[in-house]
Amino acid sequence: MKIATRTATKTQVEIVAVNGGWTTIRAIGQVQTLKVRNGELTGHTEITKATPVTAELVIAKARATARVKMDINERKNGKVDPLYLPQYTAYAIQLADGTKKRSIDKGDGVALTLRKLTLDAVYATASSATGISQVGLRDRFAHLNPGMQRMNLGNMIRKALKESANA
């Protein structure tokens, strides 16, 4: 809130707006506004209401915004929230080194087939299904991370299967 002193009445007023050479003011605590020339006001000050910062507020804010890392087996117990992603299924696979890999896919036949394959094998499968060379596919998706590459290749395989079924 901006406050100024009006020279004509020697009273403090609240500045509502400034437009060109005119200022809209009102008496402090009042609703009615009045337009005056900028020269009629002196002693402009900005009044801010500072919120006192206490240790309790800082700690509460830190707790509210803190991210908690959960165990892989604890998070949703391998299930997808049906309201968030109803068309997808989550699964966990044990890799050769003993670690678990959690992922999510459509759960259809293409997804079940691609789960077991390496990225190179997915490229080979997509190449045979679409008729596009592996080099062409790799060039097309080189800028993507491996998960995005698998997703796009899977979608291309689904499209090719749908087109072959419709033909």
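Since this is a predicted model, take the numbers as computed values, not measurements.

Trainee: Give me the lowdown on helix 5 (residues 146–166), citing residues and values where you can.
Mentor: With 21 residues, helix 5 extends 30 Å between its outermost C-alpha atoms, agreeing within 8% with the 30 Å of an ideal straight helix rising 1.5 Å per residue. Those residues of helix 5 lying buried are Gln149, Leu153, Gly154, Met156, Ile157, Arg158 and Ala160. Structurally, the start of helix 5 carries an N-cap: the backbone nitrogen of glycine 147 is 3.1 Å from a side-chain oxygen of asparagine 145.

Trainee: Lay out the side chain of arginine 6 with the relevant residues and their values.
Mentor: For arginine 6, the location among the structural elements is in strand 1 (residues 2–6). Here arginine 6 falls in the buried class, since its relative accessible area comes to 19%.

Trainee: How would you summarise unusual backbone geometry if you had to cite specific residues and measurements?
Mentor: Not every positive phi belongs to a glycine, and lysine 10 is a case in point at roughly 60°. Within the element layout of this structure, lysine 10 appears in the loop between strand 1 and strand 2 (11–19). Looking at lysine 10, the relative accessible area reads 66%, which means it is exposed.

Trainee: Run through the packing of aromatic side chains, naming residues and quoting values.
Mentor: Tallied over the entire structure, the rule returns 0 aromatic pairs. Positioned above the aromatic ring of tryptophan 22 is the side chain of arginine 37, whose terminal nitrogen or guanidinium carbon lies 4.7 Å from the ring centre. Cation over ring: arginine 138 sits above tyrosine 123, and NZ or CZ is 4.2 Å from the ring centre.

Trainee: Just give me the short version of the pairing of strand 3 (residues 22–27), but keep the residues and values in it.
Mentor: As judged from the 6 bridges shared by strand 2 and strand 3, these two strands associate in the antiparallel manner. Residue pairing for strand 3: valine 13 is matched across the bridge by alanine 27. In sequence, strand 2 turns back onto strand 3 through a hairpin of 2 residues, with glycine 20 there showing a positive phi of about 65°. Summarising the sheet, strand 3 and strand 4 (residues 33–37) pair through 5 bridges and their orientation is antiparallel. What sits directly across from threonine 24, in strand 4, is lysine 35. Between the end of strand 3 and the start of strand 4, which pair antiparallel, lie 5 residues, with glycine 29 showing a positive phi angle near 85°.

Rules used in this analysis
Residues numbered from 1 in each chain as written. Predicted model: local features only at pLDDT ≥ 70, side-chain atom pairs only at ≥ 80, totals over all residues. Heavy atoms only, no water. Helix = DSSP H or I, 4+ residues; strand = E, 2+ residues; numbered from the N terminus. Expected span 1.5 Å × (residues − 1). Buried < 20%, exposed > 50% of the residue type's maximum accessible area, 1.4 Å probe, protein only. Polar contact = N/O pair within 3.5 Å; in protein donor to acceptor, adjacent residues only side chain to side chain. Phe/Tyr/Trp six-rings, centres within 6.5 Å; stacked < 30°, edge-to-face > 60°. Lys NZ or Arg CZ within 6 Å of the ring centre and 35° of its normal. Pairing = 2+ DSSP bridges.

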